[in-house]
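Overview (structure and organization)
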Amino acid sequence: MRKFFRAVKIAFQYIYRNWGLSVASTLVMTLSFLIVSVFGIAFYGSTLLVQYVDSKPALTIFLRGDLSDEQRVKFEQLVTQTGLVREVSVKNLEFTKEDFAKKYPDPELIKPLETEEAKSFMPIIAFIYSDSQDKLQELINYLEKNEEFMKDMIDTKNVDRVGWYSFSETQASIIRETNRFISIVGTIVTIMLFVISSILIFITVKLTINYHRREIEIMDLVGADGWFIRFPFVLGGIIYGVVGAVLSTTLIIVSRNLLFETSQSLVPRLLEFFGEVPWPTIDNYLIIDFYIFTVGVGALIGALSSFIAILKYVKN
Amino acid sequence: MLTFQQVTKKYSNGRVALDNVSFHIDEGEFVFLVGSSGAGKSTAIRLIIRQETPTSGDILFEGIKVNKLKGDKLARYRRDIGIVFQDFKLLSARTVAENVAFVLEVSGKPYSFIKKAVDYILDLVGLSDKRNAFPATLSGGEQQRVAIARAIVTEPKMLIADEPTGNLDRSNAWDIIQLFNKINNWGTTVVIATHDTEIVDSLNKRVIRFENGRLVRDNVGGYHF
């Protein structure tokens, strides 16, 4: 154990004596992690968005709040028999109430919804899933021509049209394309940056080895174990990777907090727009996981690069 | 303790540095390896410290084949022998005390032990007042004393020196040889490669002489005996 700590001490001495390149390696590693993390977060976010878009009902129809059970069944049959839809889901008034409360959490606004009269002005929501938007448009055309639907089922008090698309095909395809673009570009950039970082760490360790060649020779001659000679260089590489990872992760977390907590306009608006997307909760556990992951990747890159360098340049 | 068994060292350019050399050194002996430049004495030293391996034959240290040692076993062997070089091979970024302590650090000795051992050895070689000096600020003789201190601080079974007086003036050279003699008197085997006739003559110890890679003499006496 003593020898291990002495090897650690030597690693820090090597870093200190070669501080210029050490700082450069660490900064490149930080920058690489920063860019890769931004791509990673963007990819993760856009994937959640794609999943959300894909899971979201394609068409929302507001039905009358006082619709009877018989009429509900009839509506389902009416829509299903067209053969244009994949699934029909007619919710109840309780769902409408909860949905409204979620969007407008003001008790004064929710209060009237608790009364018996609520069904006279609150709609029942029906979600219609289909394979394409053309089919949904065909369904709308069909319903508009159906007298019973137009007269007894649709909520004419609150709405002026048959239904709303959750996402238009254009919007959905933009989101999917963006996700695909981020994944391709992100992968290329990640590989490129990690290769560049690895090369820089390799060069740094190589130069450190050359700078300490005489010391290595002496260590070898006075009976230092092979690992004792090599370990400080590997540890140096690991330190560059880990410090780079910690710095970039900290920067990302601090930036995120600054954006979310101090910005009074942009982020809340964005959140309002994408508010229904099931974003993961940013808690301490997630932050720790993020640190562990990036530090692990950083350590791995640093260890591999320096290991290759010592294999090539430390012969004893 | 140390045995050369029909050792031959031939380099890739065809030069034969040692040609079928055999000798044995007992524990506690003081031996000079002598010969002119290129005779093979430095090659013998490099083979003993396993910087090189013989083309044929074996080198045995306490019955173990030195030329077959690798990895941790080689490191342990090198900790069993002390080595002093003509060019001192001191770490320029470390102080005198740190240079001496370094060999104890690599062998995992505790700091309390290292401190005591370094103080004792520096006192022995007369460098207590230079413990915090860097090698570049020392004279040649002082640097060689540091190198000797580093070589003996681990209490090696054998001390090997390659031209230890080659870079020193007479007075310093003589001091250094006296130090080797003192170390030998404590029971440590000492092997010195040198072409310094005056020193060899003055000590009257066992002399192994090489000429063109061949062992031509092995007995007690002066350089030209």
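What you see is a predicted model, and the numbers here were worked out from it, not measured in a lab.

Rules used throughout
Residues numbered from 1 in each chain as written. Chains lettered and ligands numbered in written order. Predicted model: local features only at pLDDT ≥ 70, side-chain atom pairs only at ≥ 80, totals over all residues. Heavy atoms only, no water. Helix = DSSP H or I, 4+ residues; strand = E, 2+ residues; numbered from the N terminus. Rg over C-alpha atoms; globule rule 2.2 N^0.38 Å. Buried < 20%, exposed > 50% of the residue type's maximum accessible area, 1.4 Å probe, protein only. Contact = heavy atoms within 4.5 Å. Areas by Shrake-Rupley, 256 points an atom, 1.4 Å probe, with all protein chains shown as cover. Lys, Arg positive; Asp, Glu negative; His and termini not counted. Charge placed at Lys NZ, Arg CZ, Asp CG, Glu CD. Pairing = 2+ DSSP bridges. Axes fitted to C-alpha atoms, helices over the stretch in contact; angles between N-to-C directions. Parallel < 35°, antiparallel > 145°, perpendicular 65-115°, else oblique. Left-handed = near helix turned anticlockwise from the far one by under 90°. Buried area = accessible area lost by both parts, 1.4 Å probe. Salt bridge = Lys/Arg side-chain N within 4 Å of Asp/Glu carboxyl O. Polar contact = N/O pair within 3.5 Å; in protein donor to acceptor, adjacent residues only side chain to side chain. Nonpolar A, V, L, I, M, F, W, Y, C, P; charged D, E, K, R; others polar. pLDDT = per-residue confidence, 0-100. Patch = residues over 30% accessible without salt bridge, like charges linked within 9 Å, V, L, I, M, F, W, Y side chains within 5 Å. Phe/Tyr/Trp six-rings, centres within 6.5 Å; stacked < 30°, edge-to-face > 60°. Lys NZ or Arg CZ within 6 Å of the ring centre and 35° of its normal.

1. Concerning the overall build of chain A
Secondary structure summary: chain A contains 13 helices and four strands in total. Against the compact-globule benchmark of 20 Å for 316 residues, chain A has a radius of gyration of 31 Å, which places it well outside the compact range. Projected onto its principal axes, the C-alpha positions of chain A cover 100 × 40 × 35 Å. Burial status across chain A gives 40% buried among its 316 residues. In chain A, of all internal contacts separated by at least 6 residues, the share reaching a separation of at least 24 is 87%. Approximately 17,900 Å² of chain A is accessible, and the part contributed by carbon and sulfur atoms is 64%. Across chain A, the 31 positively charged side chains and the 34 negatively charged ones have centroids separated by 16 Å.

2. Quick look at the sheet that holds strand 1 (residues 2–10) of chain B
All names here are of chain B. Spatial strand order, 2-1-4-5: four strands in an open sheet with antiparallel pairing. Taken across any chain shown, the strands that pair with only one partner, and hence form the sheet edges, are strand 2 (16–25) and strand 5 (64–65). Strand contacts of helix 1 (residues 41–48): strand 1, strand 2 and strand 4 (56–61), with the helix running at about 115° to strand 1, the strand carrying the most contacts.

3. So, the packing of helix 5 (residues 140–152) of chain B against helix 6 (residues 170–185) of chain B
All names here are of chain B. In contact at an axis separation of 10 Å, helix 5 and helix 6 are set at 15° when each is read in the N-to-C sense. Viewed along their axes, helix 5 and helix 6 adopt a mutual orientation that is roughly parallel. Regarding helix 5 and helix 6, the two cross each other, and that crossing is right-handed. Residues G141, Q144, R145, I148 and I152 of helix 5 form the contact with helix 6, whose own contacting residues are N172, D175, I176, L179, F180 and I183.

4. Considerations on helix 1 of chain B
Of all eight residues in helix 1 of chain B, six are buried, a share of seventy percent or more. Among all positions in helix 1 of chain B, only K41, T43, A44, I45, L47 and I48 of chain B are buried.

5. As for the interface of chain B and chain A
Counting residues at the interface gives 26 residues for chain B and 19 residues for chain A. In total, chain B and chain A occlude about 2,000 Å² of area from one another, counting both sides; carbon and sulfur atoms represent 52% of this. On the surface where chain B and chain A come into contact, there are four salt bridges. Its salt-bridge partner being R94 of chain B, residue E215 of chain A comes within 3.7 Å of it at the nearest N-O pair. Here chain B and chain A share six residue pairs in polar contact (both at pLDDT 80 or more) between them. At the level of secondary structure, the elements contributing two or more residues to the side of chain B that touches chain A comprise helix 2 (71–80), helix 3 (96–106) and helix 4 (111–124) of chain B. Class assignment for the residues of the side of chain B that touches chain A results in 14 nonpolar, three polar and nine charged.

6. Brief notes about the sheet that holds strand 1 (residues 59–63) of chain A
Residues and elements named next belong to chain A. Across the sheet, which stays open at both edges, the four strands sit in the order 2-3-1-4 with antiparallel pairing between neighbours. Looking at which strands have only one partner, the edges of the open sheet turn out to be strand 2 (87–90) and strand 4 (164–165). Pairing geometry for strand 2 and strand 3 (residues 124–129), over four bridges, is antiparallel. Bridge pairing in strand 3 places S89 opposite F127.

7. What to know about the environment of R230 of chain A
Position of R230 of chain A among the secondary structure elements: in helix 11 (residues 226–262). Classification of R230 of chain A by relative accessible area gives partly exposed; the value is 24%.

8. Thoughts on the pairing of strand 1 of chain B
Residue and element names in this part refer to chain B. Bridge count between strand 1 and strand 4: five bridges; the pairing is antiparallel. The partner of Q5 across the bridge, within strand 4, is D58. Counting the residues between successive antiparallel strands, the hairpin from strand 1 to strand 2 contains five residues, one of them, G14, with a positive phi of roughly 95°.

9. Quick look at the confidence of the model for chain A
Chain-level statistics for chain A give a pLDDT mean of 84 and a share of 91% at 70 or above. Per-element averaging of pLDDT across chain A places helix 12 (residues 266–273) of chain A at the bottom with 59 and helix 13 (residues 284–313) of chain A at the top with 90.

10. Overview of a nonpolar patch on the surface
All names here are of chain A. Together, I191, V195, I199, I203 and L207 line one region of the surface with nonpolar side chains, adding up to about 410 Å² of accessible area. Secondary-structure assignment places L207 in helix 9 (residues 169–211). Judged by relative accessible area, which is 38%, L207 ranks as partly exposed.

11. As for the packing of helix 3 of chain B against helix 4 of chain B
All names here are of chain B. Relative orientation of the contacting elements helix 3 and helix 4 amounts to 130°, with a least axis distance of 9 Å. Classed by the angle they form, the pair helix 3 and helix 4 counts as oblique. Both helix 3 and helix 4 take part in a crossing whose hand is right-handed. Contacts from V96, A97, V100, A101, L104 and E105 of helix 3 reach helix 4 at Y111, F113, I114, A117, V118 and L122. For the contact of helix 3 with helix 4, the class distribution of residues is eleven nonpolar, no polar and one charged.

12. A short note on the pattern of salt bridges
Inspection of the entire model under this criterion finds 25 salt bridges over all chains. A single salt-bridge network, built from bridges that share partners, covers R17 and E215 of chain A together with R94 of chain B.

13. Focus: the environment of G213 of chain B
All names here are of chain B. Summarising the element assignment, G213 is placed in the loop between strand 9 (206–211) and strand 10 (214–220). Considering only alpha carbons, one finds G213 and G40, 173 residues apart in sequence, at a separation of 4.9 Å. Residue contacts for G213: discarding those within four places in its chain leaves A17, L18, D19, V21 and A39.

14. Some thoughts on the packing of aromatic side chains
Under the criterion given, the structure shown has 13 aromatic pairs over all chains. Through successive ring pairs, a cluster of aromatic residues spans F4, F5, W227, F228 and F231 of chain A. Sitting over the ring of F85 of chain B, K89 of chain B keeps its end group 5.2 Å from the ring centre.

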